[in-house]
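Coordinate inspection notes
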Amino acid sequence: MTDRVSDSSWIQEFDSDPSEKEKCYINVAYPYPSGAMHIGHGRTYIVPDCIARFWRMRGRQVLYPMAFHVTGSPVIGISKRIARGDEKTVALYRDLYKVPPDIIDSFSDPLAIVEYFSDEYQRVMQRMGLSIDWRRRFTTIIPQYSKFIEWQYHHLYNQGRVVKGAHPVKYCPHCENPVGDHDLLEGDKADIIRFIFVNFEADDFQIPCATLRPETIYGVTNLWINPGVMYVRALVDGKFQLLSREAADKLSMQKHEVSITGELNGAALVGSMVSHPLCGSVRILPADFVDPDMGSGIVMSVPAHAPYDYIALLDLQKSGKYTDIFPIPLIEVQGYGEVPAMEAVNRAGVDHQLDPKMDQVTQEVYAAEFSRGKLLPICGEHAGKPVRVAREDLAEVMEREYGSIWFFDFDTHPVVCRCGSRAYVYILDDQWFLTYSDPEWKREVHHEIEKITFVPPEVRTEFDRTVDWLKDWACTRRVGLGTRLPWDQNWLIEPLSDSTVYMAYYTIAHQIGDIPAESLTPEVFDYIFLGRGDPQGLDRATLDTLRSEFLYWYPYDFRFSAKDLISNHLTFQLFHHRALFPDELQPKGMVVFGMGLLDGAKMSSSKGNVFLLDDAAEEFGEDTVRMFLVGSAEPWQDFDWRSDLVSSTRKQIDRFIGYIHESKKATGTNRIDAWLASRLQRRIVVATESLEYFQTRQALQEAFFGIESDLKWYRRRLPANMPGGSILQDLADVWVRLLAPIIPFTCDKLFGELGHGGPVSYAEWPEPNPGLIDPEIELAEELITRTVEDIESIQKIIPFTPSKVMLILAPSWKLEVFRRVATAEDRRMVTKELMKDEAMRKRGKEAANAIQQATKLIHGLPPGLVADICSLSFDEEVIFSEAASFLEEEFSVTIEIISAEESTHAKAGMALPFKPAIIVK
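Residues numbered from 1 in each chain as written. Predicted model: local features only at pLDDT ≥ 70, side-chain atom pairs only at ≥ 80, totals over all residues. Heavy atoms only, no water.

**Here's the deal with the overall build of the protein chain**
Scanning the protein chain from terminus to terminus reveals 33 helices and 32 strands. Considering the protein chain as a whole, with its 921 residues, one finds that 55% of them fall into the buried category. Sequence separation of at least 24 residues holds for 76% of the intrachain contacts in the protein chain that already meet a minimum separation of 6. Split by element, the accessible area of the protein chain, about 38500 Å² in all, is 50% carbon and sulfur. Separation of charge centres in the protein chain, based on 98 positive and 134 negative side chains, amounts to 4 Å. (Helix = DSSP H or I, 4+ residues; strand = E, 2+ residues; numbered from the N terminus. Buried < 20%, exposed > 50% of the residue type's maximum accessible area, 1.4 Å probe, protein only. Contact = heavy atoms within 4.5 Å. Areas by Shrake-Rupley, 256 points an atom, 1.4 Å probe, with all protein chains shown as cover. Lys, Arg positive; Asp, Glu negative; His and termini not counted. Charge placed at Lys NZ, Arg CZ, Asp CG, Glu CD.)

Structure below.
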């Protein structure tokens, strides 16, 4: 651990108050402190820290705050599992999180978990050098924050954006509570899907089949039943039905009266007939693939339009069974034949049900039919209707005329509460909902999305898509930690719904914590955040100070969060900002993170597939971890932590330290100094632009690897036994500051060693000096570099040790050809245009060959280099003459430089601008 890490006095350096400077307010999704930080968390908070440090060095007043989200029931579920001695949970906290046994014993109190891990998060964040203003730390269950949430919900309720109703929600019967994504151990991405039951008549009962495609009833050829499952006869809303026990249990949670009266093995129904008025009589066929936990546990089969049904029927018919059943087409769709499922299966080369391509084939057929399919005449009065219309119409017919009911289930299984119990879809009465379905509210949010800066830009469409499909959101729970609904104390506001505008609370968190909660009336917050009213109970000076602080920082400049939160939190907060704050206080920007992998696998704390951030820092060093996490991928890309690669990062930092120490001895000047100075200015430019656009990996590429590469070439180009010039001292000073946002502990120490006072965190960010940029000297050195690489390539394949290298330089007329080709609007016409020139015509085939060679060379060079060759003046003979001694020493050969026009060698005609012909003897 470095001295700077162990010395905590630096932490107060980042307390940030309003000033005359331009502000930069960035924030990141606050953590739920129910376990230790792992490297995925590390990247989430280190990348924003690099951006915060960058803008602080650019002279901005930067605010980077942190809090802890403890609302909801996850920590209560953990507490209950520990209290009952659940070995898996206890082992997780004892072995992975390394919590002392006496502390684990206290975790039967959920608040003890919150307190312990909140402090742990802060300790590790400080260890990693996060430049956070810790004065603003809070948890979401303190009384002052609850008053802030109450204020928010008073406004939403008065605006009609919070309403009561019945709605399907994720629900844990053990906790007797709705659960959100943060409350789940598994299935946090599961969506609630609405099916309709299509009722088939048997002898004395109905068999309901759940479907998302009621329009396909006209193409049903059979039902599938699992012969190995024991089904139940049940009285459902007064009708006798046969369905799986799992389906009966689910229906009982969805406002249906269900009474089980008996059992029947699925095998007993194989071969029997059932009917529906819209498809007639069909047989029940056996299928082991039918899952009793999906739908009703019995499936209606439409082999013409469902690839799984088609291939399952085909498998039975291959064994000689049910050969009298044929697919019944009911939808015509452009791009497919009469039987779309058959065509899609054959086109994909699928020949069995377990083929991994089946899911993709199914989605393709369903999407094509929904987007451009139309019903055929077999569908009676619905013939000619687009599938998207017919689907709604047939669902209404089923419900109105054939007694169908709606059935809700998850699109993926299992869904497991943090208490360890399975969650189900439950129809909850008297629940409170946020009306995200309101078209006008959606329109307002879409308008704000148009103005927000998104990183990367393409996620804008994901936000728009989320706004479009969002439905009303159940915003309350019965149990858990958090704020009670102001007008209905029986309910608590759930975690995602109380974490929408806390970015505003950060601005005043360090001051409001000393104010008694009972003094924080809605009128107080109206004044602070909206500038309206004349609240009593607080003196005006305090109110004005709070409002002034809020107005200085707000709106926030950028919010950082994971891409999987676009579908909820990140979009929710846009809805709430739009509802509460005026136009000038709406969010300005968002940076969306990719996911984290550990040795190629998704990280999961519950499954133990994590590497703790504290352990990583202990093994590799804080700056090494920071540099790897920043450099492994751009923020919006997924990253993969691999310990062997992290070790190489430690070596890179060691090399950097060595370079800086060596620079202190550098004096004098060398011819190559001007090139290094010019390259350094360009590195400053690109690194700066990269950080401005949140390209932290690109910034590191320039600020470390780019400069190191330049430095290696510089040292290579120095005459033998010649130390570097004083330019190295200038480079060291710049280099330390460029890397300070990424490896602050290392750079802070080096900054002091270079003779500077004060922390590097507040040093001035390097500014490029345009006067030191010399494009022509850079171009000349680029020519030498490429020629060295070409000679090295030749050396690898020749079977002898060379004693002489001839560099045959292209004549000036070929440079003219190069430039004409490179700048031509239409390169296909360039030969014709050049041959209009009498001098070119006289050269005949030689000119034509030169045009072809130049065209090929131009395609292989970076566009920027091509532009420089076209616009800058350079003399290859002078360049190579000055570099001759370097080349001779480099390759231990004699260098001869000759013009192609003076050479009779067969390869002389191959010489091109910036690519001399090379003859090795």
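**As for the environment of Asp 188**
Mapping Asp 188 onto the fold places it in the loop between strand S5 (184–186) and strand S6 (192–201). Along the backbone, Asp 188 and Glu 889 are 701 residues apart, and their C-alpha atoms lie at a distance of 65 Å. Leaving out residues up to four positions away in the same chain, Asp 188 has contacts with Lys 170 and Asp 181.

**Let's talk about the packing of aromatic side chains**
Within the structure shown, the criterion is met by 60 aromatic pairs. Ring geometry for Trp 151 and Phe 529: centres 5.2 Å apart, planes at 40°, overall tilted. You can see Trp 151 sitting in helix H7 (residues 143–158) and its partner Phe 529 sitting in helix H17 (residues 522–530), a full 378 residues away along the chain. Here Arg 717 stacks its cationic end above the ring of Phe 886, 4.6 Å away from the centre of that ring. (Phe/Tyr/Trp six-rings, centres within 6.5 Å; stacked < 30°, edge-to-face > 60°. Lys NZ or Arg CZ within 6 Å of the ring centre and 35° of its normal.)

**Overview of the packing of helix H28 (residues 812–823) against helix H31 (residues 845–860)**
At their nearest, the axes of H28 and H31 sit 9 Å apart, and the two run at 55° to each other. Classified by the interaxial angle, the pair formed by H28 and H31 is oblique. Remark: the crossing between H28 and H31 carries right-handed chirality. Each of Trp 813, Lys 814, Val 817, Phe 818, Val 821 and Ala 822 in H28 lies in contact with H31, whose residues at this interface are Glu 846, Ala 847, Ala 850, Ile 851, Gln 853, Ala 854, Thr 855, Leu 857 and Ile 858. (Axes fitted to C-alpha atoms, helices over the stretch in contact; angles between N-to-C directions. Parallel < 35°, antiparallel > 145°, perpendicular 65-115°, else oblique. Left-handed = near helix turned anticlockwise from the far one by under 90°.)

**Some remarks on the environment of Phe 240**
Turning to its location among the elements, Phe 240 is positioned in strand S10 (residues 239–243). The class of Phe 240 is partly exposed, set by a relative accessible area of 38%. Measuring from C-alpha to C-alpha, the distance between Phe 240 and Ile 784 comes to 88 Å, with 544 residues separating the pair along the chain.

**Let's talk about the nonpolar core**
With 155 residues, the main nonpolar core has Tyr 93, Trp 641, Phe 656, Trp 735 and Leu 739 as its most contacted residues. Sort the elements by how many residues they give to this core and helix H2 (residues 39–57) lands first, with 10 residues. Listed in part, the 73 residues of the second largest apolar core include Leu 496, Ile 528, Ile 566 and Leu 574. (Core = buried A, V, L, I, M, F, W, Y, C linked by side-chain atoms within 4.5 Å.)

**Things to note about the pattern of salt bridges**
Opposite charge on two side chains lets them pair, provided their charged atoms get close. Within this structure, the stated rule accounts for 64 salt bridges. Taking the shortest distance from any N to any O, the salt bridge between Asp 95 and Arg 94 comes out at 2.9 Å. The exposure class assigned to Asp 95 is partly exposed, which follows from its relative accessible area of 46%. Judged by relative accessible area, which is 35%, Arg 94 ranks as partly exposed. As a salt-bridge pair, Arg 400 and Glu 396 come within 3.3 Å of each other at their nearest N and O atoms. Linking Arg 400 with Glu 396, this pair stays in helix H12 (residues 387–401), spanning 4 residues, or about one helical turn. Residue classification places Glu 396 among the partly exposed positions, given a relative accessible area of 47%. Counted as one network, the salt bridges with shared partners bring together Asp 15, Asp 17, Asp 133, Arg 135, Arg 136 and Glu 549. (Salt bridge = Lys/Arg side-chain N within 4 Å of Asp/Glu carboxyl O.)

**Some points on the side chain of His 569**
Along the chain, His 569 falls in helix H19 (residues 569–580). With sequence-adjacent residues up to four places away left out, His 569 is seen in contact with Leu 496, Ser 499, Tyr 502, Met 503, Arg 559 and Ser 561.

**Considering the environment of Ile 225**
With respect to the helices, strands and loops of the structure, Ile 225 is situated in strand S8 (residues 222–225). In this structure, the C-alpha to C-alpha distance between Ile 225 and Leu 243, residues 18 residues apart in sequence, is 9.9 Å. Those residues in contact with Ile 225 that lie beyond four places of it in its chain are Tyr 231, Gly 266, Leu 269, Val 270, Ile 284, Leu 285, Pro 286, Ala 287, Val 290 and Ile 298.

**Comments concerning the side chain of Thr 89**
By the secondary structure assignment, Thr 89 is in helix H4 (residues 87–96). Judged by its relative accessible area of 5%, Thr 89 is buried. Separated by 3.0 Å, the side chains of Thr 89 and Arg 81 make a polar contact. With near-sequence residues (within four places) excluded, Thr 89 lies in contact with Ile 78, Arg 81 and Ile 82. (Polar contact = N/O pair within 3.5 Å; in protein donor to acceptor, adjacent residues only side chain to side chain.)

**Overview of the sheet that holds strand S28 (residues 601–602)**
Strand order in the open sheet made by the 3 strands is S28-S27-S29, with mixed pairing throughout. Unpaired on one side and paired on the other, S28 and strand S29 (639–641) mark the two borders of the sheet. In the sheet, strand S27 (residues 596–598) pairs with S28 via 2 bridges, with the strands oriented antiparallel. If you follow Leu 597 over to S28, its bridge partner there is Lys 602. (Pairing = 2+ DSSP bridges.)

**Some words on the sheet that holds strand S31 (residues 894–899)**
Here we have 3 strands laid out as an open sheet, ordered S31-S30-S32, and mixed in their pairing. Bordering the open sheet on either side are S31 and strand S32 (917–920), each of which pairs with just one other strand. The sheet shows a mean angle of 20° between the axes of neighbouring strands, taken without regard to direction. Where strand S30 (residues 804–809) and S31 come together, 6 bridges link them in parallel fashion. Its bridge partner lying in S31, Lys 804 is registered against Thr 894.

**Here's the deal with the confidence of the model for the protein chain**
Mean pLDDT over the protein chain: 92, with 98% of residues reaching 70 or higher. For the stretch residues 1–6, pLDDT sits under 50, and the model shows 14 contacts to residues farther than four places along the chain or on other chains. (pLDDT = per-residue confidence, 0-100.)

**Describing helix H6 (residues 110–127)**
For H6, with 18 residues, the first-to-last C-alpha span of 26 Å sits near the 26 Å given by 1.5 Å per residue. Counting buried positions along H6 yields 13 of 18 residues, so the element is predominantly enclosed. Regarding H6, its N-cap is Asp 109, as a side-chain oxygen of that residue lies 3.1 Å from the backbone nitrogen of Leu 111 further along. At the exit of H6 stands Gly 129, carrying a positive phi of roughly 80°. (Expected span 1.5 Å × (residues − 1).)

**What to know about helix H10 (residues 340–348)**
Looking only at H10, the buried set comprises Pro 340, Ala 341, Ala 344 and Val 345. Buried positions in H10, seen along its axis, are confined to an arc of 130° and lie on one side of it. Along H10, the residues that are exposed and aim more than 90 degrees away from the buried face are Asn 346 and Arg 347. For H10, the secondary structure elements touched by its buried residues are helix H9 (307–318), strand S15 (331–333) and helix H11 (358–372). Positive backbone phi, at 70°, marks Gly 349, one or two positions downstream of H10. (Arc of directions from axis to C-beta.)

**Describing the state of the cysteines**
Under the counting rule described, the total for this entry stands at 0 disulfides. No disulfide involves Cys 475; its sulfur sits 19 Å from the nearest other cysteine sulfur, which is in Cys 417. (Disulfide = S-S within 2.5 Å.)

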